[in-house]
Amino acid sequence: MDIYCLLLYFFVYGFLGWCSEVGFAAVKERRFVNRGFLNGPIYPIYGVGVSIVVAFLTPIKSNLVLLYITSVILVTLLEGVTGWAMDKIFHNKWWDYSDMPLNIGGYVCLTFSLVWGVACVVIMDFIHPFIHYLLTFIPHTLGIILIALLGITMFADLYVTASAIFKFNKRLASM
């Protein structure tokens with residue numbers, strides 16, 4: 001698996017993650033809620049998470065039990081480290097499982113870890129083969145252009161978002 005494919009997977013799964021989070025929030029809140037960290041339609045933790053799962057767990061895809069257990073561990077570590085880091089950097093929790101049983105600092109909880117494991121198995125067995133197949137229709141040069149444009153857009157969004165959060169935190173601290 002090369003960096004080209006991983007970057008395409010990152011953007012596809014980041015977008016699909018954003019869609020699932022927005023859809024979940026819309027059903028729950030009965031209105032549109034952009035639950036993403038960024039302003040644009042991408043949820044980087046999903047892009048990174050699924051890309052890591054695909055990259056590292058493809059060799060064990062045929063062993064359903066090992067795939068599930070490894071997915072639970074891998075995604076829980078990613079969610080925990082990301083949640084902790086974002087809390088330390090931005091002084092805000094972007095998700096909070098504190099009200100869930102068997103949680104660690106509100107960053108991860110057993111229930112969602114088990115759900116993420118099922119999601120990873122579904123992705124590896126059904127969704128990813130289809131996504132990979134669709135991405136093979138993108139000419140390589142066009143794919144590189146898309147990666148560059150999406151990357152520039154995402155980093156611009158990250159800069160604007162992080163700047164706004166830091167300014168807001170500074171204003172709160174001065175109050």
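What this report covers is the structure whose coordinates are included nearby. (Residues numbered from 1 in each chain as written. Predicted model: local features only at pLDDT ≥ 70, side-chain atom pairs only at ≥ 80, totals over all residues. Heavy atoms only, no water.)

Glancing now at the packing of helix α1 (residues 3–29) against helix α4 (residues 110–135). One way to put it is that α1 packs onto α4 with a least axis distance of 11 Å and a crossing angle of 120°. In this view, α1 runs oblique relative to α4, as classed from their interaxial angle. For the pair α1 and α4, the crossing hand works out as right-handed. Contact residues: α1 offers L8, Y9, V12, Y13 and L16, while α4 offers I123, I127, H128, I131, H132 and L135. (Axes fitted to C-alpha atoms, helices over the stretch in contact; angles between N-to-C directions. Helix = DSSP H or I, 4+ residues; strand = E, 2+ residues; numbered from the N terminus. Parallel < 35°, antiparallel > 145°, perpendicular 65-115°, else oblique. Left-handed = near helix turned anticlockwise from the far one by under 90°. Contact = heavy atoms within 4.5 Å.)

When the charged atoms of two side chains with opposite charge come close together, those side chains can pair. Inspection of every chain in the model, using the stated rule, returns 2 salt bridges. The closest approach of N and O atoms between E29 and R31, which form a salt bridge, is 4.0 Å. Since its relative accessible area comes to 42%, E29 is described here as partly exposed. Note that D96 is salt-bridged to K93, the shortest N-O span being 3.9 Å. (Salt bridge = Lys/Arg side-chain N within 4 Å of Asp/Glu carboxyl O. Buried < 20%, exposed > 50% of the residue type's maximum accessible area, 1.4 Å probe, protein only.)

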